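# Working through the structure, step by step
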Amino acid sequence: MKLVDIIAGARPNFIKVSPIIRSLKEKQKLGNSNLRFRLIHTGQHYDKKMSNDFFKQLGIPNPNINFNVGSGSQADQTSAIMIAYEKLLLKKPSDLCLVVGDVNSTLACSISAKKLSIPVAHVEAGLRSGDLTMPEEINRILTDAITDFFFTTSSYANENLIRSGVPSKNIFFVGNTMIDTLKENLDKLIEPKIFKTLNKKKYLVLTLHRPSNVDNSANLKNILKELSQAAEGLEILFPVHPRTAKILNKINFHPKNVKFLDPLSYLEFIFIVKNSSAVITDSGGITEETTYLKIPCLTLRDSTERPETIVVGTNKLLGRNPNKLKFYLKKIIEGKWKKGKIPQKWDGKTSKRIVDIIEKKLQ
Ligand code: UD1
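Scope of this entry: the structure provided in the associated data block.

What counts, and where the lines are drawn
Residues numbered from 1 in each chain as written. Predicted model: local features only at pLDDT ≥ 70, side-chain atom pairs only at ≥ 80, totals over all residues. Heavy atoms only, no water. Helix = DSSP H or I, 4+ residues; strand = E, 2+ residues; numbered from the N terminus. Rg over C-alpha atoms; globule rule 2.2 N^0.38 Å. Buried < 20%, exposed > 50% of the residue type's maximum accessible area, 1.4 Å probe, protein only. Contact = heavy atoms within 4.5 Å. Lys, Arg positive; Asp, Glu negative; His and termini not counted. Charge placed at Lys NZ, Arg CZ, Asp CG, Glu CD. Pairing = 2+ DSSP bridges. Near = heavy atom within 4 Å. Polar contact = N/O pair within 3.5 Å; in protein donor to acceptor, adjacent residues only side chain to side chain. Areas by Shrake-Rupley, 256 points an atom, 1.4 Å probe, with all protein chains shown as cover. Salt bridge = Lys/Arg side-chain N within 4 Å of Asp/Glu carboxyl O. Core = buried A, V, L, I, M, F, W, Y, C linked by side-chain atoms within 4.5 Å. Phe/Tyr/Trp six-rings, centres within 6.5 Å; stacked < 30°, edge-to-face > 60°.

The next point concerns the overall build of the protein. A tally of regular secondary structure across the protein gives 15 helices and 13 strands. Rg of the C-alpha trace for the protein: 20 Å, near the compact-globule value of 21 Å for 363 residues, within the 12% margin. Along the first, second and third principal axes, the C-alpha set of the protein runs to 60 × 40 × 40 Å. Relative to its 363 residues, the protein shows a buried fraction of 58%. The long-range fraction of contacts in the protein, counting pairs at least 24 apart against all pairs at least 6 apart in sequence, stands at 68%. A distance of 3 Å separates the average location of the 56 positive side-chain charges in the protein from that of its 35 negative side-chain charges.

As a further point, take the side chain of Thr244. Summarising the element assignment, Thr244 is placed in helix H10 (residues 242-251). In contact with Thr244, not counting residues within four places along its chain, are Leu208, His209, Val214, Leu220 and Phe238.

We now examine the sheet that holds strand S5 (residues 120-123). The strands that make up a sheet pair up through hydrogen bonds in the backbone, lying either parallel or antiparallel. With parallel pairing, seven strands are arranged side by side in an open sheet as S3-S2-S1-S4-S5-S6-S7. Across the chains shown, the open sheet's two edge strands, defined by having one partner strand only, are strand S3 (65-66) and strand S7 (171-173). Pairing between S5 and strand S6 (residues 149-152): three bridges, direction parallel. Bridged to Val123 within S6 is Phe151.

This part covers the site of the ligand. In the vicinity of the ligand, 20 residues are found, and the nearest of them are Gln44, His45, Asn104, Glu136 and Lys246. Gln44 places a side-chain nitrogen or oxygen 2.8 Å from an oxygen atom of the ligand. Here an oxygen atom of the ligand and a side-chain polar atom of His209 are 2.9 Å apart. Taken by itself the ligand offers 740 Å² of open surface, and the protein chains cover 89% of this. When residues of the shell around the ligand are traced back to their parent elements, those giving at least two are helix H3 (74-91), helix H5 (135-145) and H10.

Residues of helix H2 (residues 48-57) that are buried: Met50, Ser51, Asp53, Phe54 and Phe55. The inward-facing, buried residues of H2 contact helix H1 (11-30), strand S2 (35-41), H10 and helix H11 (266-274). Phi turns positive, to about 65°, at Gly59, one or two residues after H2.

A separate point is the pattern of salt bridges. Between side chains of opposite charge, a pair can form as their charged atoms come close. All told, the structure shown has 26 salt bridges when counted by the stated rule. A salt bridge links Glu137 to Arg140, with the shortest nitrogen-to-oxygen separation between them at 2.5 Å. Here the residue Glu137 and the residue Arg140 both occupy positions in helix H5, the gap between them amounting to three residues, near one helical turn. In terms of burial, Glu137 and Arg140 fall into one category: buried. Note that Arg140 and Glu305 form a salt bridge whose closest N and O atoms lie 3.4 Å from each other. Of this pair, Arg140 sits in helix H5 while Glu305 sits in the loop between strand S12 (297-299) and helix H13 (308-311), and the two are 165 residues apart along the sequence. Residue Arg140 is classed as buried on the basis of its relative accessible area of 2%.

Turning our attention to the nonpolar core. Among the nonpolar cores identified, the biggest contains 55 residues, and Val4, Ile6, Ile20, Leu98, Phe151, Ile272 and Ile358 are the most heavily contacted of them. Once you skip the residues sitting within four places of it in the chain, Val4 turns out to touch Leu35, Arg36, Phe37, Arg38, Leu96, Leu98, Ile358 and Leu362. In terms of nonpolar packing, the next biggest core, distinct from the first, is built from 28 residues, Leu220, Ile247, Ala278 and Tyr328 among them.

The geometry of an aromatic ring pair is captured by the separation of the ring centres together with the interplanar angle, meaning the angle of the planes. Considering all chains together, one arrives at eight aromatic pairs under this definition. Between Phe238 and Phe260 the ring centres are 5.7 Å apart and the planes differ by 50°, which places this aromatic pair in the tilted class. Separated by 22 residues along the polypeptide, Phe238 in strand S9 (residues 235-239) and Phe260 in strand S10 (residues 258-261) bring together distant segments of the chain. An aromatic cluster is built from Phe195, Tyr203 and Phe271, whose rings are joined through pairwise contacts.

Although it is not a glycine, Ser117 adopts a positive phi angle of roughly 65°. Considering the arrangement of structural elements, one finds Ser117 in the loop between helix H4 (104-115) and S5. For Ser117, a relative accessible area of 66% puts it in the exposed group.

In structure tokens:
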């Protein structure tokens, strides 16, 4: 038997590991699997609403180990996770470290594993925004520099990896595990309480958590001001990330048509996205979910590591200046938005492909 460590630290990780764990368990049930797994929660996200609720709703088993590292500076958080994981591996080594996405936990665990000669599998490898001011871009590049098995979501990611010298035999274009989770849960969505209090059936969803948008209070206030004016009379549902909440508390700015909410659970969040007129966001994962759901999406960033959401999907990159919102929201509300298609292999079967490949590679 081979032991696979599955690393999860932050909210988007939980969504990505859930179907991989399910696929592993299904194989084990059939009795023909050589894989065991150990689920490791780094504790990067720790609030009930950012962590436990996701485990419950997505049927993720309790972690075997929780490092409980909590918040800190980039270096504090990354090093605390590296140290905790190295200690664990020295006591109880594994045969593979599987990391997902681009958060600090992803990079930290990859480094600790690789330095102990434990191979690394990276799910969502090869994404590149080209923007080195984002901690995630640094995490992506460094993780991929020491990855052994690259699982990709798009042909763009494959090309990025090939360009950086990764041999094509190590790249596996498998699709998107976030979409596995989305497909699996579409008939289980939950209407949040706030929904009953909306004046109209049409509304917008807003999410913001990138340091470049929220850490500077003037920027954040400007986005809210521009959006509330550009919303064409629609209400805006805004589930607020803890990082953003800290700044909002300081600026105390509450436009009438913005409903500030605590972070929503997965099933509630997808419910409001699926029924919305459009989503305004600075998240990467949400641009994939809106593409799959064919909901118009406006991204308040200068770059994206997920070009397929623009070329194939419903996403449009607006840059960080929110003054373009009015023009594009008008188009959306007038029904003049591109319909979008679902990218190749975003078919709900990605996790099964990943597990099959890992099984072969670890034989
Ligand atoms: C992290 C990821 C980002 C991902 C996002 C999803 C990195 C570099 N960033 O950003 O890629 O899109 O998660 O949410 O890994 N906090 C709480 N409770 C929590 C978690 C965080 O209050 O459960 C607060 C902390 O005070 C912390 C701040 O939110 O300082 C930011 O958390 P952190 O994990 O550092 O980064 P995120 O902005 O969440």
